[in-house]
There are 2 protein chains.
Amino acid sequence: MTGLIGIDWGTSNLRGFRFDAHGTVIERRVSPRGIATIEDGAFEAVLGELVEGWTGDRRPIVLSGMIGSRNGWREAAYLPCPADPVALAAATLGFDTALGRCHIVPGLAVDQPGRPGDVMRGEETQILGAGVRDGILVLPGTHSKWATLEAGRVTGFRTAMTGELYAVLLRHSLLGRLAEDPGARDTGAGFARGVERALADPAVSLLLFSARAEVLLGGLSPQEVAAYLSGLLIGAEIGAMIGSAHGSITMIGDPALSARYRTAFGLAGRQDINLVDGDAATAAGLWTIGKEIR
Amino acid sequence: MTGLIGIDWGTSNLRGFRFDAHGTVIERRVSPRGIATIEDGAFEAVLGELVEGWTGDRRPIVLSGMIGSRNGWREAAYLPCPADPVALAAATLGFDTALGRCHIVPGLAVDQPGRPGDVMRGEETQILGAGVRDGILVLPGTHSKWATLEAGRVTGFRTAMTGELYAVLLRHSLLGRLAEDPGARDTGAGFARGVERALADPAVSLLLFSARAEVLLGGLSPQEVAAYLSGLLIGAEIGAMIGSAHGSITMIGDPALSARYRTAFGLAGRQDINLVDGDAATAAGLWTIGKEIR
């Protein structure tokens, strides 16, 4: 094998990794050309700009993320769990381009009768690149993912809409109108209070209104509302998931958000959270899956 | 006593009841002049229009609702629970006007150290007018209220942001973009499925994303998303509250919303839900409190 080109192509970003034959990243490039910016299906042209100079030796190109969605280049159907890198490699959608042969990694699905369905696209690559064989992987964010790994296979996962709930409530609900300073959410006692409340009471829709009530009653300042709301939502997510989170917990995510989750994990009695850099996990995952493509 | 004038003055509506000396409503009037429409503090003028011809015998005027809030005519401080009609009457904010003496009913608060705070304003009057001495009163809506009555006293309550969550998620989240027909929420299997899921799993922030996932996986049609979301949120509210809802359950609310809650209560094993008309409960509550004002 002469190496590989790995592409993480999400809604708002495009990142490329050039691997040598041993899986070492020898060059990386970043572009703001997420799939939401691509007009007239110009995926190949945009990709060509990103990987310029990388394609001389016809390395295979492995792509993960929303590029495989309905709004992407080609739709790669979700692979049901459990799945490992070999299964994902076998399920990649391969097609020839002027840049070389491309392989889109499918997303993963939980699709069992009687259970809530779930999907991910892109996160499976980060999860398999985190260097964990057994344990829980947590990817905090707009749609937080909690995945279970057993012997290197993703056996299942759940999504919490924590980040999106936070954003829509702060922007569009009564609670947002109370929150004088949304930027204040990272500091102050409001966050810990929210986490502790939600850990004690999993019904978050019954806790949200307390933000308003306590401002009216004088127990919470308007400057604390955003932090308190963030704490309620993150606390509810962790409270709901931690009971079934056996074994090690590894977080992949940006440092500021991971720090907030780490505080909340601590309040839930879990100090032992491992952190993995998201960019490194993506690169390692693209290599891990890509090297299995036959 | 020569009777009473009862006023329910909310954010978007204004309703008046003229009572005879026995508490019978002899006339009722409705106006769209909620407090949100009042400019330059013209509360007395707007009230004067509503009660024209009613004030000749100088009956006391009792007002409940947002009229006693910070954005209303005069702010009446929340009365902490437990509270009964006599306590509310004693806590009314009285002041003289050209229309006669006005008495604003305070809202109620739950304000105990270490517990989530809660407030209501207007609902206390409906709750005390529902004709229930012991049991649970449920007022479904934007901010659903669950109150406990013991021997005619409101001993405590909790608010679920169910209706507001539904509205902001449908209008502003990813889920709303999936819901092709928000008007379809009252029909179809999506509602019951959402209720059952939420009753089985109280962590609603972990269930919301299943609406998106199941549309992508083909298990839910876009037309079912709004009903499913409504079911998840109502099911989560009922699931969280029903465990501590001992005794009779009485609902006060508009018929369409009450019917949806009744379906959800049935799925939770409670078929025995009493229904009380909201307008009648408001009138009875205004009389019940007003006749105790000294």
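- Per an unreviewed UniProt entry, the recorded name for chain A is 2-dehydro-3-deoxygalactonokinase, and the organism is Sphingomonas echinoides.

1. Things to note about the sheet that holds strand β3 (residues 25-31) of chain A
Strands pair in a sheet through their backbones, by hydrogen bonds, and they do so in one of two ways: parallel or antiparallel.
Residue and element names in this part refer to chain A.
Then, number 1: Taken together, six strands build an open sheet; the order of strands is β3-β2-β1-β4-β7-β6 and the sheet is mixed. Every interior strand has two partners, whereas the edge strands, β3 and β6 (93-97), have only one. Neighbour-to-neighbour, the strand axes of this sheet turn through a mean angle of 20 degrees, independent of strand direction.
Then, number 2: Note that β6 and strand β7 (residues 100-104) share five bridges and pair antiparallel. Looking across to β7, one finds that F95 is bridged to C102.
Then, number 3: Strands in contact with helix α1 (residues 43-50) are β1 (4-9), β2 (14-19), β3, β4 (61-64), β6 and β7; relative to β1, the strand with the most contacts, it is inclined by about 120 degrees.

2. Let's talk about the interface of chain B and chain A
Then, number 1: Each partner contributes residues to the interface: chain B has 45 residues there, and chain A has 45 residues.
Then, number 2: Where chain B abuts chain A, roughly 3800 Å² becomes buried across the two surfaces, and 69% of that area is made up of carbon and sulfur atoms.
Then, number 3: A per-residue breakdown of the area chain B buries against chain A is headed by L206, F209 and L217 of chain B, which together make up 18% of the total.
Then, number 4: Viewed at the interface, chain A and chain B are joined by 13 residue pairs in polar contact (both at pLDDT 80 or more).
Then, number 5: Each residue belonging to the side of chain B that touches chain A can be placed in one class, and the counts come to 25 nonpolar, eight polar and twelve charged.

3. Examining the relation of the copies chain B and chain A
Then, number 1: Note on the identical chains: chain B maps onto chain A by a rotation of 180 degrees and an axial translation of 0.0 Å, with an RMSD of 0.0 Å. Interpreted geometrically, this transformation is the action of a two-fold axis.

4. Brief notes about helix α7 (residues 209-217) of chain A
Then, number 1: Here α7 of chain A lies mainly inside the structure; eight of its nine residues are buried.
Then, number 2: Buried within α7 of chain A we find F209, S210, A211, R212, A213, E214, V215 and L216 of chain A.
Then, number 3: Tucked into the core, α7 of chain A has its buried residues touching α5 (174-178), α6 (190-200) and α8 (225-242) of chain A together with β9 (118-120), β11 (144-150) and β12 (153-160) of chain B.
Then, number 4: G218 of chain A sits one or two residues past α7 of chain A and shows a positive phi near 90 degrees.

5. Things to note about the nonpolar core
Then, number 1: Of all hydrophobic cores here, the largest spans 59 residues; its most connected members are L208 of chain A together with L208 of chain B.
Then, number 2: When near neighbours in sequence (up to four residues on either side) are disregarded, L208 of chain B contacts M161 and L165 of chain A together with L169, L175, L229, L232 and L233 of chain B.
Then, number 3: Core analysis: the next-biggest nonpolar cluster, separate from the first, contains 31 residues, V62, L88, V110 and I252 of chain A among them.

6. Quick notes on the pairing of strand β11 (residues 144-150) of chain A
Residues and elements named next belong to chain A.
Then, number 1: Among the seven residues that make up β11, five are buried, leaving the element largely enclosed by the rest of the structure.
Then, number 2: The sheet contact formed by strand β10 (residues 135-139) and β11 spans five bridges and is antiparallel. Looking at the pairing, L139 lines up with K145 of β11.
Then, number 3: Where β10 folds back onto β11 in an antiparallel hairpin, the turn is made up of four residues.
Then, number 4: Of the strand pairs in this sheet, β11 and strand β12 (residues 153-160) are connected by seven bridges, and their pairing is antiparallel. Considered in β12, the bridge of S144 is made with A160.
Then, number 5: Between β11 and the antiparallel strand that follows it, β12, lie two residues; A151 among them carries a positive phi value of about 50 degrees.

7. What about the packing of helix α8 (residues 225-242) of chain B against helix α9 (residues 255-267) of chain B?
Residues and elements named next belong to chain B.
Then, number 1: Taken N-terminus to C-terminus, the directions of α8 and α9 make an angle of 60 degrees; their axes are 10 Å apart at the nearest point. Considered as vectors, α8 and α9 are oriented oblique to each other. With respect to the hand of their crossing, α8 and α9 are arranged in right-handed fashion. On α9, the residues touching S230, I234, E237, I238 and I242 of α8 are R260, Y261, A264 and F265.
Then, number 2: Considered class by class, the residues forming the contact of α8 with α9 number six nonpolar, one polar and two charged.

8. Comments concerning the packing of aromatic side chains
Then, number 1: Using the criterion set out here, one finds 14 aromatic pairs over all chains in the structure.
Then, number 2: Considering the side-chain rings of F43 of chain A and W73 of chain A, the 6.2 Å spacing of their centres and the 20 degrees angle between planes classify their relative orientation as stacked. Linking F43 of chain A in helix α1 with W73 of chain A in the loop between β4 and β5 (79-80), this pair joins segments that are 30 residues apart in sequence.
Then, number 3: Taking the relative accessible area as the measure of exposure, F43 of chain A reaches 7% and is therefore buried.
Then, number 4: Consider the rings of W9 of chain B and F43 of chain B, whose centres lie 5.7 Å apart with planes at 75 degrees: the pair is edge-to-face. Remark: F43 of chain B occurs in helix α1 (residues 43-50) and W9 of chain B occurs in strand β1 (residues 4-9); sequence separation between them is 34 residues. Accessibility assignment for this pair places W9 of chain B and F43 of chain B in one class, buried.
Then, number 5: Just above the ring of F95 of chain A sits the side chain of R74 of chain A; from NZ or CZ to the centre is 4.1 Å.

Reading the values: the criteria
Residue positions are given per chain, counted from 1 along the sequence in the order it is written. Chains carry letters and ligands carry numbers; both start at the beginning, A for chains and 1 for ligands, and go up in the order they are written. Confidence filtering applies because this is a predicted model: local features only for residues at pLDDT of at least 70, side-chain atom pairs given and counted only at 80 or more, and all residues used for totals across whole chains, interfaces and linings. Heavy atoms throughout the structure, all of them, feed into the side-chain values; hydrogens and water do not. Only when DSSP finds a minimum of two bridges between them are two strands counted as paired. Secondary structure elements are defined from DSSP: runs of H or I of at least 4 residues count as helices, runs of E of at least 2 residues count as strands, and each element is numbered from the N terminus. For helices, the fitted line uses only the C-alpha atoms of the stretch in contact; every axis is such a line through C-alpha atoms, and the angle between N-to-C directions lies from 0 to 180 degrees. Contacts were defined at the residue level, with two residues in contact if any of their heavy atoms lie within 4.5 Å. Put simply, buried area is how much 1.4 Å-probe accessible surface two parts lose in total, over both of them, once they are put together. Here a polar contact is taken to be a pair of N or O atoms separated by no more than 3.5 Å, where protein atoms must pair a possible hydrogen donor with a possible acceptor and residues adjacent in sequence count only if both atoms sit in side chains. In the scheme used here, Gly and all other residues not listed as nonpolar or charged are polar, with Ala, Val, Leu, Ile, Met, Phe, Trp, Tyr, Cys and Pro taken as nonpolar and Asp, Glu, Lys and Arg as charged. Residues below a pLDDT of 70 in either copy are left out; the C-alpha atoms of the rest, at least 70 in both, set the least-squares superposition of the copies. Note on classification: 1.4 Å probe, protein chains only; a residue is buried when its accessible area is under 20% of the maximum for its type, exposed when over 50%, partly exposed between these limits. Joining through side-chain atoms within 4.5 Å is the link that ties buried Ala, Val, Leu, Ile, Met, Phe, Trp, Tyr and Cys residues into a set, and such a set is a nonpolar core. Any angle between 65 and 115 degrees counts as roughly perpendicular, while under 35 counts as roughly parallel, over 145 as roughly antiparallel, and the rest as oblique. Crossing handedness follows the turn of the near helix against the far one: under a right angle anticlockwise gives a left-handed crossing, and clockwise gives a right-handed one. For Phe, Tyr and Trp, rings pair up if their centres lie within 6.5 Å, where Trp contributes its six-membered ring, and each pair is then called stacked (planes under 30 degrees apart), edge-to-face (over 60) or tilted (otherwise). In this scheme, the term charge over a ring applies when either NZ of a lysine or CZ of an arginine sits within 6 Å of the ring centre and within 35 degrees of the ring normal.

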